[in-house]
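Here is how the chains run, residue by residue.
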Amino acid sequence: MEDQLGRIRVVLVGTSHPGNIGSVARAMKAMGLSDLVLVDPQRFPAAEATALAAGADDLLARARVLTRLEDAVADCVWVVGTSARRRGHSVPVFDPEPAARELIARASGGSVALVFGRESSGLTNAELDRCTALVQIPTDPGFSSLNLAAAVQVLAYACRTAALVGDSGSAPGGGVERHATQAEMEALFEHYQRVLVQIEFLDPEKPRHLMRRLRHLYQRAGLTANEVRILRGILTHTERGGGRPRTGS
Ligand code: SAH
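The sections below set out a description of the structure shown in this document. Nothing here was measured: the structure is a model prediction, and the numbers come from that model.

### Examining the overall build of the protein chain
Here is step 1: The number of helices and strands found in the protein chain is 11 helices and 7 strands.
Here is step 2: A buried classification covers 44% of the 249 residues belonging to the protein chain.
Here is step 3: Taking as baseline every contact in the protein chain between residues at least 6 positions apart, the subset at least 24 positions apart corresponds to 83%.
Here is step 4: For the protein chain, the exposed area adds up to about 12900 Å²; of that, 52% sits on carbon and sulfur atoms.
Here is step 5: The protein chain carries 29 positive and 27 negative side-chain charges, and their two centres are separated by 4 Å.

Pasting the structure below:
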């Protein structure tokens, strides 16, 4: 169980109150999570963070501070964004328990991430596009926004519970193919865009929403690393002008 919980990364994007970062560390440590990444925090390190961590300051000391969300999740095989509101998303929106079960299952194959937004405005659409799925904690419809650390607590608890059940119940399937990492998916999208422009399917002057739609489609499909390799092979072949795959020279 520790293995899987250890592979669940909590990513906080643009946090403005350092006290919340401390409370998040505390919430994580109590549930056995330890991998905290801060993307562009407004103030960190800070005395309020240490005070509210209440003994979980080892997590703060080990927390990595980065400037871009892409770098925080590049090695992850599943990236789940969190949102207080439903806003016409094209990626699947999970309740906490099924999301936690999926996180635990996928954590057997690599790191997975839970991404949390800013206190004031949550995650931007571009940031949500980096996520393979979303989770929304069901709340009173008239008051849907939880405090950041409270949201982390609910999801960390759900993960711990899912890991406990997984330990005593069904074992995760052996020999399952590895899912593509976020970096592999990004490389696929860049390759796609290049080829679509080359074959004049995509007009860079008028891209519309084509790349976003393709991004959502492939994220929904939950591609394995091998499937990404096949798609990139097709793209490379298209880039070279098609024809029969080369034999010999
Ligand atoms: N006004 C913001 C709320 C930000 S709350 C908005 O409407 O998006 C800060 C962060 O806490 C959110 O970005 C999200 O990561 C998390 N959060 C708060 N309430 C949540 C909920 N009901 N479900 C999932 N995450 C939630």
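### Observations regarding the side chain of glutamate 186
Here is step 1: Along the chain, the position of glutamate 186 falls in helix α9 (residues 182-198).
Here is step 2: On the accessibility criterion, glutamate 186 (12% relative accessible area) is buried.
Here is step 3: Reaching out from glutamate 186, the side chain makes a polar contact with the side chain of arginine 130 at a distance of 3.1 Å.
Here is step 4: Non-local contacts of glutamate 186, meaning those with residues more than four positions away in its chain, are made with Arg130 and Arg215.

### Observations concerning the packing of aromatic side chains
Here is step 1: Scanning the model with the defined rule gives 2 aromatic pairs in all.
Here is step 2: Taking 5.6 Å as the distance between ring centres and 85° as the angle between the ring planes, the aromatic pair formed by tryptophan 78 and phenylalanine 94 counts as edge-to-face. Pair noted here: tryptophan 78 is in strand β4 (residues 78-82) and phenylalanine 94 is in strand β5 (residues 93-94), with a separation of 16 residues, a long-range link.
Here is step 3: Assessed through its relative accessible area of 4%, tryptophan 78 is described here as buried.
Here is step 4: With centroids separated by 5.5 Å and ring planes inclined at 40°, the aromatic side chains of tyrosine 192 and tyrosine 218 adopt a geometry described as tilted.

### Brief notes about the site of the ligand
Here is step 1: Near the ligand there are 20 residues, and of these Thr82, Arg85, Ile137, Ser144 and Leu146 occur at the shortest range.
Here is step 2: A distance of 2.5 Å is found between an oxygen atom of the ligand and a side-chain nitrogen or oxygen belonging to threonine 82.
Here is step 3: Here a nitrogen atom of the ligand and a backbone polar atom of serine 144 are 3.0 Å apart.
Here is step 4: Coverage of the ligand by the protein amounts to 93% of the 540 Å² it exposes when considered alone.
Here is step 5: Among the cavities detected, the one that contains the ligand is the largest pocket.
Here is step 6: Here the shell around the ligand is built from residues that sort into 7 nonpolar, 10 polar and 3 charged.

### Some thoughts on helix α6 (residues 96-107)
Here is step 1: Over its 12 residues, α6 runs 16 Å from end to end, which matches the ideal 16 Å to within 8%, given 1.5 Å per residue.
Here is step 2: For α6, every residue scored as buried is listed here: Pro96, Ala99, Ala100, Leu103, Ile104, Arg106 and Ala107.

### As for helix α2 (residues 18-30)
Here is step 1: The terminal C-alpha atoms of α2 lie 19 Å apart, and with 13 residues this matches the ideal 18 Å at 1.5 Å per residue to within 8%.
Here is step 2: For α2, the complete set of buried residues consists of Pro18, Gly19, Asn20, Ile21, Gly22, Val24, Ala25, Ala27 and Met28.
Here is step 3: Of the residues one or two after α2, glycine 32 is the one with positive phi, at around 85°.

### A word on the pairing of strand β2 (residues 35-39)
Here is step 1: Among the 5 residues of β2, 5 are classified as buried, and the element is accordingly described as predominantly covered.
Here is step 2: Residues Asp35, Val37 and Val39 line one face of β2 and the alternating positions Leu36 and Leu38 line the opposite face, and both faces are buried.
Here is step 3: As defined by bridge partners, strand β1 (residues 8-13) adjoins β2 across 5 bridges and the pair is classed as parallel. If you follow valine 10 over to β2, its bridge partner there is leucine 36.
Here is step 4: Each parallel crossover has a hand, and for β1 linked through α2 to β2 it is right-handed.
Here is step 5: Across 3 bridges, the pairing between β2 and strand β3 (residues 64-66) is parallel. In the strand pairing of β3, leucine 38 is matched with valine 65.

### Concerning the nonpolar core
Here is step 1: Among the nonpolar cores identified, the biggest contains 45 residues, and Val10, Leu12, Val24, Leu36, Leu114 and Phe116 are the most heavily contacted of them.
Here is step 2: For this core, the element with the highest residue contribution is helix α8 (residues 148-168), accounting for 10 residues.
Here is step 3: Among residues more than four places away in sequence, those in contact with leucine 36 are Val10, Leu12, Val24, Met28, Leu60, Ala63 and Arg64.
Here is step 4: Residues Val79, Ala113, Leu123 and Cys131 belong to the second largest nonpolar core, which totals 16 residues.

About the thresholds
Residues numbered from 1 in each chain as written. Predicted model: local features only at pLDDT ≥ 70, side-chain atom pairs only at ≥ 80, totals over all residues. Heavy atoms only, no water. Helix = DSSP H or I, 4+ residues; strand = E, 2+ residues; numbered from the N terminus. Buried < 20%, exposed > 50% of the residue type's maximum accessible area, 1.4 Å probe, protein only. Contact = heavy atoms within 4.5 Å. Areas by Shrake-Rupley, 256 points an atom, 1.4 Å probe, with all protein chains shown as cover. Lys, Arg positive; Asp, Glu negative; His and termini not counted. Charge placed at Lys NZ, Arg CZ, Asp CG, Glu CD. Polar contact = N/O pair within 3.5 Å; in protein donor to acceptor, adjacent residues only side chain to side chain. Phe/Tyr/Trp six-rings, centres within 6.5 Å; stacked < 30°, edge-to-face > 60°. Near = heavy atom within 4 Å. 1 Å grid on protein atoms, 1.4 Å probe; cavity = no way out; pocket = protein on both sides within 12 Å on 5 of 7 lines; lining within 4 Å. Sits in = over half its atoms within 2 Å of the grid points. Nonpolar A, V, L, I, M, F, W, Y, C, P; charged D, E, K, R; others polar. Expected span 1.5 Å × (residues − 1). Pairing = 2+ DSSP bridges. Right-handed = clockwise from strand over helix to strand, strands pointing away. Core = buried A, V, L, I, M, F, W, Y, C linked by side-chain atoms within 4.5 Å.

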